[in-house]
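# Reading the structure
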Amino acid sequence: MIAAHADDTSTPFVAASGTLALVHYLSRRDMVDEARVEQLTGLTLDALRDPDRRIPADTHYRLWQYAERVTGDPGVGLHAGQVVDPERMGLVGHVFFNCDTLGEAVTQYVRLHRLINESVVLSFEQTGELAILTWQPDTAEHYCRQDMDRTLAAAISRTRHFIHPDIRAEWVELAHPRPAYASEYQALLGGNIRFGCPATRLAFHSRHLAHPIPHRNPYVYSAVLRQVNALLARVQTRRSFGRKIRRLISRQMSTEKIDADSLARQCHMSRQTLYRRLKKEGLSFHDLVEQVRKDKALRYVANDHYALGEIAFLLGFSELSAFSRAFKRWTGVAPAQYRAQHLAGTTTE
């Protein structure tokens, strides 16, 4: 099996503990095909159990799509997130629920969120009597409805279980359109629910920040925090410039021709400086453009939302034949064959 490594500077990663929790959720319902999961993740289940394991965010999101297909449940994220299992919370979860107060726990959650999911930025603010958490993906492609549902459901369900049973949201804004199961959000989270917003936000009354956390264990907190801080230090040493350029390439690809000079100007530097900074991270501009095109091509062709000619245009190819040649170079098969194989595989899952 081939999996991306956590030293790939241009790829955002997520903690594999969340992926493993999803596999466990499916397994308890006799809905998991281990071979298919290993094919999707590029890792064995034993490898996923490594507490320090991290996998590419795109891989994690593909598993959510698989979960929705095999369960036939579009609300699978909300339902999986309501399962409270201390053994499957991950290291950050153990830090969170061994803090002194909910306020301290929220501070740690925001500080350590990069360990949970590098493709989503989490921020926190207090406005008047409200405390507001905001989740914003680094690119539109990294917004995963199922994973965001799980995030919100897990946050409220675990907080009620470990801290106070009466905590509820004052209001929630979701970045995805209103789904068929929309009524479940208010039943679970409380408050007013709005869909199709610029970002996903959850507001709760700031008085809850003073809630003490019952049954906290200061020894567990200290031990786990040391381990988490060491992991965070390793993650933060990864270069971020390549990821920034990759995001800019991704945004520009579907609107205009990719040009190093224009991207350099957006970064307020010369093209030579852009190349030099990428080289320090072991990257080249050409390779990043190729990687973004390949990633988008695999996702677009597999999802069957666009005709192949439309995909060629979106990825900046002058004609379908040029795209087909590039796709075959990347995968060994023509895009039509790849799409047919993928669709045949998903209909049997």
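Residues numbered from 1 in each chain as written. Predicted model: local features only at pLDDT ≥ 70, side-chain atom pairs only at ≥ 80, totals over all residues. Heavy atoms only, no water.

## A look at the pattern of salt bridges
Enumeration according to the criterion identifies 14 salt bridges in this entry. Among the salt bridges present, the one from Glu68 reaches Arg145, with a minimum N-O distance of 2.8 Å. Placement of the pair is Glu68 in helix 4 (residues 57–71) and Arg145 in helix 8 (residues 145–162), with a sequence separation of 77 residues. Residue classification places Arg145 among the partly exposed positions, given a relative accessible area of 21%. One salt bridge connects Arg194 with Glu173, and the closest N-O pair in it is separated by 2.7 Å. Pair noted here: Arg194 is in strand 6 (residues 192–194) and Glu173 is in strand 5 (residues 171–173), with a separation of 21 residues, a long-range link. Through salt bridges with shared partners, a single network forms among Glu125, Glu173, Arg194 and Arg201. (Salt bridge = Lys/Arg side-chain N within 4 Å of Asp/Glu carboxyl O. Helix = DSSP H or I, 4+ residues; strand = E, 2+ residues; numbered from the N terminus. Buried < 20%, exposed > 50% of the residue type's maximum accessible area, 1.4 Å probe, protein only.)

## Some words on a positive patch on the surface
Together, Lys244, Arg276, Arg277 and Lys280 give the surface a local cluster of positive charge. When residues in the positive patch are grouped by element, the largest group, three residues, is from helix 13 (residues 271–280). Mapped onto the secondary structure, Lys280 falls in helix 13. By relative accessible area, Lys280 is classed as exposed at 67%. (Patch = residues over 30% accessible without salt bridge, like charges linked within 9 Å, V, L, I, M, F, W, Y side chains within 5 Å. Areas by Shrake-Rupley, 256 points an atom, 1.4 Å probe, with all protein chains shown as cover. Lys, Arg positive; Asp, Glu negative; His and termini not counted. Charge placed at Lys NZ, Arg CZ, Asp CG, Glu CD.)

## Considering the environment of Leu320
Within the fold, Leu320 resides in helix 16 (residues 320–331). When the C-alpha atoms of Leu320 and Ala180 are compared, they prove to be 36 Å apart, with 140 residues separating the residues in sequence.

## Some details on the nonpolar core
Counting 71 residues, the largest nonpolar core has Leu115, Trp135, Val172, Tyr185, Leu189 and Phe204 as the members making the most contacts within it. Residues within four places of Leu189 in sequence aside, it is in contact with Leu152, Ile156, Arg160, Arg168, Ala169 and Val172. Of all hydrophobic cores here, the second largest spans 31 residues; its members include Ile258, Phe285, Leu315 and Ala326. (Core = buried A, V, L, I, M, F, W, Y, C linked by side-chain atoms within 4.5 Å. Contact = heavy atoms within 4.5 Å.)

## Some points on the pairing of strand 3 (residues 120–127)
Bridge analysis of strand 3 against strand 4 (residues 130–137) gives eight bridges, and the strand direction is antiparallel. Paired with Val120 across the strands is Pro137, a residue of strand 4. Between strand 3 and strand 4, which follow one another and run antiparallel, lie two residues, and Gly128 among them has a positive phi close to 60°. (Pairing = 2+ DSSP bridges.)

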